[in-house]
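# Commentary on secondary and tertiary structure
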Amino acid sequence: MSGGVIVKRVLDACCGSRMFWFDKQNDDVLFMDKRTEYEKLETGHVINVNPDVVGDFRNMPFENEQFWHVVFDPPHLLYAGTKSWLAKKYGRLDKDTWPDDLKKGFEECMRVLKPNGTLVFKWNEDQIPLKDVLKCFDFQPLYGNKRAKTHWIVYMK
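Small disclaimer: the values here were computed from a predicted structure and weren't measured. (Residues numbered from 1 in each chain as written. Predicted model: local features only at pLDDT ≥ 70, side-chain atom pairs only at ≥ 80, totals over all residues. Heavy atoms only, no water.)

### Examining the packing of aromatic side chains
The final tally for this structure, using the stated rule, is eleven aromatic pairs. Grouped by ring-pair contacts, the aromatic residues F57, F72, F106, F121, W123, F137, F139 and Y155 constitute a single cluster. We note R18 situated over the ring of F31; from NZ or CZ to the ring centre the distance is 3.8 Å. (Phe/Tyr/Trp six-rings, centres within 6.5 Å; stacked < 30°, edge-to-face > 60°. Lys NZ or Arg CZ within 6 Å of the ring centre and 35° of its normal.)

### Some points on the side chain of S17
As for its placement among the helices and strands, S17 is situated in the loop between β1 (10–12) and β2 (29–33). Look past the residues within four positions of S17 in its chain and what remains in contact with it is K24, N48, V49 and K89. (Helix = DSSP H or I, 4+ residues; strand = E, 2+ residues; numbered from the N terminus. Contact = heavy atoms within 4.5 Å.)

### Side note on the sheet that holds strand β9 (residues 150–156)
In a beta sheet, neighbouring strands pair by backbone hydrogen bonds and run either parallel or antiparallel. Taken together, the seven strands give an open sheet; going across it, the order is β5-β2-β1-β6-β7-β9-β8, and neighbouring strands pair in mixed fashion. With partners counted over all chains shown, the strands left at the sheet margins are β5 (53–54) and β8 (143–144), one partner each. Relative to strand β6 (residues 67–72), β1 runs parallel, the two sharing three bridges. Looking at β6, one finds that L11 is bridged to V70. Across the sheet, helix α2 (residues 98–112) touches β1, β6, β7 (113–124) and β9, and the angle it forms with β7 is around 150°. (Pairing = 2+ DSSP bridges. Axes fitted to C-alpha atoms, helices over the stretch in contact; angles between N-to-C directions.)

### Digging into the layout of surface pockets
Here the largest pocket defines a volume of roughly 290 Å³. For the largest pocket, the lining is made up of 23 residues, of which C14, D33, R35, P75 and Y90 are closest to its centre. Residue composition of the lining of the largest pocket, grouped by class: nine nonpolar, five polar and nine charged. (1 Å grid on protein atoms, 1.4 Å probe; cavity = no way out; pocket = protein on both sides within 12 Å on 5 of 7 lines; lining within 4 Å. Points joined across faces, edges and corners; volume = space filled by probe spheres on them. Nonpolar A, V, L, I, M, F, W, Y, C, P; charged D, E, K, R; others polar.)

### Focus: the nonpolar core
Side chains of a nonpolar character, in soluble globular proteins, are inclined to be buried together. Ranked by size, the top nonpolar core spans 31 residues in total, and within it L11, M60, F62, F72, L119 and F121 carry the most contacts. It is α2 that contributes the most residues to this core, six residues altogether. With near-sequence residues (within four places) excluded, F121 lies in contact with F72, P74, L130, V133, F137, H151, W152, I153 and Y155. Ranked by size, the runner-up nonpolar core spans six residues in total, among them V10, W21, F31 and V71. (Core = buried A, V, L, I, M, F, W, Y, C linked by side-chain atoms within 4.5 Å. Buried < 20%, exposed > 50% of the residue type's maximum accessible area, 1.4 Å probe, protein only.)

### Details of α2
Look at α2: 21 Å from first C-alpha to last across 15 residues, which is about the 21 Å you get at 1.5 Å a residue. Those residues of α2 lying buried are W98, D101, L102, G105, F106, E108, C109, M110 and V112. Structurally, α2 contributes buried residues whose contacts are with β1, β6, β7, α3 (130–134) and β9. (Expected span 1.5 Å × (residues − 1).)

### Things to note about unusual backbone geometry
Note: most residues except glycine have negative phi, and most peptide bonds are trans. In this structure, E65 takes a positive phi of about 50° despite not being glycine. Using a relative accessible area of 38% as the deciding quantity, one classes E65 as partly exposed. A positive phi angle, near 70°, is found at N116, a position not held by glycine. Note that N116 resides in strand β7.

### What about the state of the cysteines?
Following the criterion strictly, the structure yields zero disulfides and no others. C15 forms no disulfide, and the closest cysteine sulfur to it belongs to C14, at a distance of 8.3 Å. What makes C15 buried here is its relative accessible area of 6%. Sulfur of C136: no disulfide; nearest cysteine sulfur belongs to C109 and is 13 Å away. Of the residues examined, C136 reaches a relative accessible area of 10% and is grouped as buried. (Disulfide = S-S within 2.5 Å.)

Written as structure tokens, this is what we have:
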């Protein structure tokens with residue numbers, strides 16, 4: 001235990017409903033999000049945000065260099081109604097503070113990442129272009145995909 005939290009090798013800093021995980025209960029992963037929510041919508045969509053740790057990616061409750069691998073998949077929407085299923089499923093960024101929020105989140109991910117650990121940053125550029133988001137970070141990516149609307153970018157500490 002570290003600070004009351006079970007130590008695991010992998011951190012998902014913004015897990016949401018764990019959509020991209022093949023094993024949504026993976027014992028190696030600590031799932032964190034700033035919200036918990038369960039709702040079955042009339043459309044048939046189910047919103048199930050149930051993190052192991054409730055916390056803000058801008059100020060994580062973890063010690064330095066605790067994880068070997070960090071996934072940073074922050075909200076990517078600026079324009080979505082507060083009651084829309086998209087906002088409930090993916091969360092929303094603040095229209096005025098999103099660059100600073102993402103910068104702080106990325107720095108926190110790097111802080112909790114062990115030396116030689118990897119960080120995977122996931123971004124959908126539906127509302128904010130990837131090039132604008134990458135300007136928020138003081139790190140160069142190793143590699144990633146550049147052709148799709150949803151990007152997976154890998155960093156190494």
